[in-house]
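Structural overview for review
Chain by chain, the residues:
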Amino acid sequence: MPTYQIKVNGASQTVDVSEDTPVLWVLRDHLDLVGTKYGCGIGQCGACTIHVDGTAMRSCSLTLAQVDGKSITTIEGLSEDGSHPVQQAWNEVDVPQCGYCQAGQIMTASAFLENNPNPTEEEVKNAMHGNICRCASYTRIKKAVLTAAENMD
Amino acid sequence: MSSKTNITFSRRAFMRTSSLAGGGMLIGFNLFQACKPKAEPPVDLSQLNYNDFNAFIKIADNGAVTIFSPNPEIGQGVKTSMPMIIAEELDVAWQDVYVEQGILDTENYQRQVAGGSQSIRFGWDALRQTGATAKQMLVNAAAARWGVDASECTVSEGVITNAAGETLGYGDVVNEATQLEVPEDVALKDPKDYKIMGQSKVNVDIDKITTGKPLFGLDYKADGMVYAALVRPPAFGKKLVSYDDSKARTMSGVIDIVKIGEKVRALLEKDPSFGSKISSSDKIAVIAESTWQAFKAKEAIETVWEDDTTIESTADHDKELNKILDGNNFNTMRSDGDVNKAFAEADEILERTYESPFLPHNCMEPMNFYANVTDEKVHLVGPIQTPAWKAGLVANMLDREEKDILLEMTRMGGGFGRRLYGDFVIEAAELAATINKPVKVVFTREDDMGIGIYRPAIKYRIKAGIKDGQITAYHLKEAAINDGMYGLIPNFFPAGAIDNYQVDSGAHDSNVTTGAWRAPYTNFLASAEQSFFDELAELMEVDKIQLRLDLLDKVDAAADERIQYSPERMKEVIKVAVDKSGWGTKPSSVYQGFVNYYCHNSHVAQVADVEIVDGDPVVKKITCVVDCGIVVNPSGAENQAEGGVIDGVGHTMYGDFAFEGGQGHAQNFDRYRLIRMKEVPEVETHFIQNELSPTGLGEPTLPPAGGAIANAFSAATGNRYYQQPLMKNPELLKVPEKEVIG
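About the cut-offs
- Residues numbered from 1 in each chain as written.
- Chains lettered and ligands numbered in written order.
- Predicted model: local features only at pLDDT ≥ 70, side-chain atom pairs only at ≥ 80, totals over all residues.
- Contact = placed C-beta atoms within 7 Å.
- Helix = DSSP H or I, 4+ residues; strand = E, 2+ residues; numbered from the N terminus.
- Nonpolar A, V, L, I, M, F, W, Y, C, P; charged D, E, K, R; others polar.
- Pairing = 2+ DSSP bridges.
- Axes fitted to C-alpha atoms, helices over the stretch in contact; angles between N-to-C directions.
- Parallel < 35°, antiparallel > 145°, perpendicular 65-115°, else oblique.
- Left-handed = near helix turned anticlockwise from the far one by under 90°.
- Core = buried A, V, L, I, M, F, W, Y, C linked by C-beta atoms within 7 Å.
- Buried ≥ 20, exposed ≤ 12 C-beta atoms within 10 Å, placed from the backbone.
- Expected span 1.5 Å × (residues − 1).
- Arc of directions from axis to C-beta.
- UniProt positions renumbered as here; feature names shortened; annotations may be inferred.
- Domains from an automatic or database assignment.
- pLDDT = per-residue confidence, 0-100.

**Comments concerning the interface of chain B and chain A**
The interface of chain B with chain A comprises 47 residues on the first partner and 46 residues on the second. Element by element, the count of residues in the side of chain B that touches chain A is highest for helix 17 (residues 634-654) of chain B, at seven residues. Here the residues of the side of chain B that touches chain A sort into 19 nonpolar, 17 polar and eleven charged.

**Quick notes on the sheet that holds strand 16 (residues 368-373) of chain B**
Residues and elements named next belong to chain B. Ordered in space as 11-12-9-19-16-17-18, the seven strands form an open sheet in which the pairing is mixed. In this open sheet, the two edge strands, each paired with only one partner strand, are strand 11 (254-260) and strand 18 (405-409). Averaged over all neighbouring strand pairs, the angle between strand axes comes to 20°, with direction disregarded. Both strand 9 (residues 226-231) and strand 12 (residues 283-288) contribute to a ladder of five bridges, which runs antiparallel. Looking at strand 12, one finds that Ala229 is bridged to Val286. Along the sheet, helix 8 (residues 291-299) makes contact with strand 9, strand 11, strand 12 and strand 19 (439-442), crossing strand 9 at roughly 25°. The sheet contacts of helix 12 (residues 423-435) involve strand 9, strand 11, strand 12, strand 16, strand 17 (378-382) and strand 19, and relative to strand 16 the element is tilted by about 35°.

**A short note on the packing of helix 3 (residues 102-115) of chain A against helix 5 (residues 138-152) of chain A**
All names here are of chain A. Remark: helix 3 packs on helix 5, axes separated minimally by 11 Å, with the N-to-C direction vectors making an angle of 40°. Relative to helix 5, the element helix 3 lies oblique. Considering only the axes of helix 3 and helix 5, their crossing is right-handed. Side by side, helix 3 and helix 5 meet where Gln105, Ala109 and Leu113 of the first sit next to Ile141, Val145, Ala148, Ala149 and Met152 of the second. Partitioning the contact of helix 3 with helix 5 into residue classes produces seven nonpolar, one polar and no charged.

**Thoughts on the sheet that holds strand 3 (residues 49-52) of chain A**
Backbone hydrogen bonds hold the strands of a sheet together, and the pairing may be parallel or antiparallel. Residue and element names in this part refer to chain A. Ordered in space as 2-1-5-3-4, the five strands form an open sheet in which the pairing is mixed. Among the strands making up the open sheet, the edge pair consists of strand 2 (11-16) and strand 4 (55-58). Adjacent strand axes in the sheet meet at a mean angle of 40°, parallel and antiparallel pairs treated alike. Bridge count between strand 3 and strand 5 (residues 71-73): two bridges; the pairing is antiparallel. When the bridges of strand 5 are listed, Val52 appears paired with Ile72.

**Side note on the nonpolar core**
All names here are of chain B. Residues Leu138, Ala228, Val286, Leu380, Ala428 and Ala429 are the most contacted members of the largest nonpolar core, which totals 267 residues. When residues of this core are assigned to their parent elements, the largest contribution, ten residues, is made by helix 3 (residues 119-146). Not counting residues up to four positions away in its chain, the partners in contact with Ala428 are Phe369, Tyr370, Ala371, Val439 and Val441.

**A few points about the pairing of strand 28 (residues 682-687) of chain B**
All names here are of chain B. Because side chains alternate across strand 28, one face comprises the buried residues Val683, Thr685 and Phe687, and the other comprises Glu682, Glu684 and His686, none of which is buried. Here strand 25 (residues 616-627) pairs with strand 28 via six bridges, running parallel. Looking across to strand 28, one finds that Ile622 is bridged to Val683.

**A short note on helix 9 (residues 314-326) of chain B**
Residues and elements named next belong to chain B. Taking 1.5 Å as the rise per residue, helix 9 with 13 residues should run 18 Å; its terminal C-alpha atoms sit 18 Å apart, in good agreement. Among the residues making up helix 9, those that are buried are His317, Leu321 and Ile324. Each buried residue of helix 9 sits inside an arc of 55° when the element is viewed along its axis, so together they form one side. Those residues of helix 9 that are exposed and aimed more than 90 degrees away from the buried face are Ala315, Lys319 and Asp326. Turning to helix 9, the residues buried within the fold contact strand 20 (458-467), strand 21 (470-481) and strand 22 (500-508).

**Brief notes about the UniProt feature "domain: Aldehyde oxidase/xanthine dehydrogenase a/b hammerhead" (unreviewed entry) in chain B**
Mapped onto this structure's residue numbering, the UniProt feature "domain: Aldehyde oxidase/xanthine dehydrogenase a/b hammerhead" (unreviewed entry) falls at residues 211-309 of chain B. Structurally, residues 211-309 of chain B is divided into 23% helix and 32% strand, and its ends, taken at the C-alpha atoms, are 48 Å apart.

**Considerations on the environment of Ala56(A)**
Residue and element names in this part refer to chain A. Position of Ala56 among the secondary structure elements: in strand 4. On a C-alpha basis, the gap between Ala56 and Leu24 in space is 13 Å, while along the polypeptide they are 32 residues apart. Setting aside residues up to four positions removed in sequence, Ala56 forms contacts with Thr49, His51, Met107, Thr108, Ala111 and Phe112.

**Topic: the domain arrangement of chain B**
A common way to express how large an interface is: the accessible area buried when the components associate. All names here are of chain B. By the assigned domains, chain B splits into domain 1 (11-205), domain 2 (217-309 + 367-442) and domain 3 (458-739). Spacing between the C-alpha centres of domain 2 and domain 3 amounts to 38 Å. If you look at the interface, domain 2 gives twelve residues, while domain 3 gives twelve residues.

**Observations regarding unusual backbone geometry**
Pro494(B) follows Phe493(B) through a cis peptide bond whose omega is 10°. Relative to the helices and strands, Pro494(B) is located in the loop between strand 21 and strand 22. In this model, Gln724(B) is joined to Pro725(B) through a cis peptide bond whose omega is 0°. If you trace the backbone, Pro725(B) turns up in the segment after helix 18 (702-717). Here the phi dihedral of Asp94(A) falls at roughly 55°; this positive angle occurs in a residue that is not glycine. Residue position: Asp94(A) is located in the loop between helix 2 (85-93) and helix 3. A positive phi angle, near 55°, is found at Glu541(B), a position not held by glycine.

**Description of the confidence of the model for chain B**
All names here are of chain B. Per-chain confidence: chain B averages 92 in pLDDT, with 94% of residues scoring 70 or above. This model gives residues 1-7 a pLDDT under 50, and the stretch forms nine contacts once residues within four places in sequence are excluded. Taken over the whole predicted complex, pTM reads 0.95, whereas the ipTM for its chain interfaces reads 0.98.

Structure (structure tokens):
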């Protein structure tokens, strides 16, 4: 199997996997970074969202070749201690029910706010529309994104 | 208005204390049943045994309180709210309380009673009494040391004060307290004095969730563990004939490919009760070094299947359900008076049929389970709502003693009823016993959605007779796939309000596996009945709210023990919903729909507001009023209530699952629509403030939502909605031309 060098959460990692292995499974099974979740495997639910050079992307639909030379951030690396304003806002608003989709929600929200630090409610809804929350904690997700935007000011 | 389900038991029967080897006090208690007469909590924390006590509290000699709760957490919030109840009566500060999920990896962690959706309701008395009893023992110990009467002492946040103003912390007296008798008569707090309950507390797992720590079954790893993906029948009714795995075996990471199914079939011979929840066909398991390699190799296996039982389709189901409704082969669940006589004498009759599809649960975390079968033990780990049931089935299947089964529960990425059925636990156990390796079975999303366990498709036919402006007869007929309604559901509103009242249920046996889905039966029954009332009020030309209030006036719940709902509490939620939603006072551009409902021991009223956006009616807001008694954790409660409403709106609008040739029409979210952010209405939740014992909250706000939006759409469009999901008939969601407002 080919060996790949990838940069995850600031550290360079060597992985030995077949070339078509989606980044999701490299993170989960090979690097023990299980915070990134498997939900659908076809880029429909957003549970596996990570940042690639700061852009939110679906790790289930990314190959290693697509992240070659790029910098990956997962939920484990968003901050060292859960202190990222979006994580803090999730805590302040008490967002999760089951919690499974929330890492993906937080990764989508944090990349979005990086580009649009003062969004309108409609912009937040558009940005978060791709992430499914089966428990339907949507009201709080929206509130937490707006709270994070406020706290980042 | 006291609850009819108060549980009383002696404190000696359900709790015991011991003095911990390292100092401090351990209280073992059992939420749902008395402890065995000889059971004692251990003196060593590593020996916690959840067979006798299903929860423990440790009070350390520095006063810190740790609550060990093995109860499964599926997103309903009990891991936060149950400890809050203990902390309240124990009288400690919430920030001094640590909550730990029951210990992992111990020989003694065997099994425990799952609380289901009734955790708070059933745990209410035991949790309060445990906290209060421990507090009293600590006070008694302090009083003994001071030589004063315990009644002279007061407690605040873990500090005991006597009449002279001297103080002792819980940690100062905890070792003496363990030597005392467990007192029997302990006063519980007046709800007016609550300091923790009624205050919002953040989910105790919040930090782990927001930083991506391993919590869920899919995150679990063990030394030497391999991954497995299973090739399952492509359709219900199919059975494996043969397969060719030669290509798959050459793929990278593939360790082995084996056929399983014999043990499941032998189990079903011994215990057929589980047969409707698992396919008896052989399955092919790909064992690989990683999840992805297992998934990929599974696709490379060539298979031949044959028809084993009837290959069914939605068109067949439809015909069968109609046949039931048109026939006379029913199980009568409740019958008051004589509906047929009343219909014969009625001035007017309204009869309508409502239909709903199968629904997959679609937990965000696909089904998975870890198993390792050795001579010493059978080790099972993963997300399961019914651990005791599954441990028993696995023991039976593998011819093992139940004491050999060690089952650990992880946090669950959703349940919604799907994880009541541990078909995946049985599969993992059979596979582990076959390959003699620790293995985790992982469902692909396609496995999870495409060959799952579904809410049964159901039709309701409701007929009402009206005479002299009164509803004199009400006849509800149910036609369901596999199983019809159960328990007290036939006694929900409007049972007791109409003299001639009958509920009949009939079922068609299908090979499609079906089961409970969040708020079983009521999740669609509420929509059907509440849409029917709406139409009935229009036919009778009476006010929609008044119709409901008049019916409730006729209910004498005390005279009929089957009736669990309270007309008074129902009227209260109706009145508050009318007030909070601005019912009848909104501008003419807002179309409102009303619903009141009772299920899971809670009373709910909802008003949906529909407005016209770009020419189409859109649900903008739902006002939800809930009476679930005392609200333990307002933040968690609001989250549950809102989630239930939005889940109800989403499935009513979009949830559809049809079969053709025994195969579901969707396998993944590209062809199955769940509600998403932009479709979510505003939800305004109000809880009735009272001091009654808490009742269910994980489910009761879901069923009314479908009726509320259907009634609001009816107000906007003039159409009636007899089929879910509403998006199945988009033409009915159009506003008549003349009513479109610029």
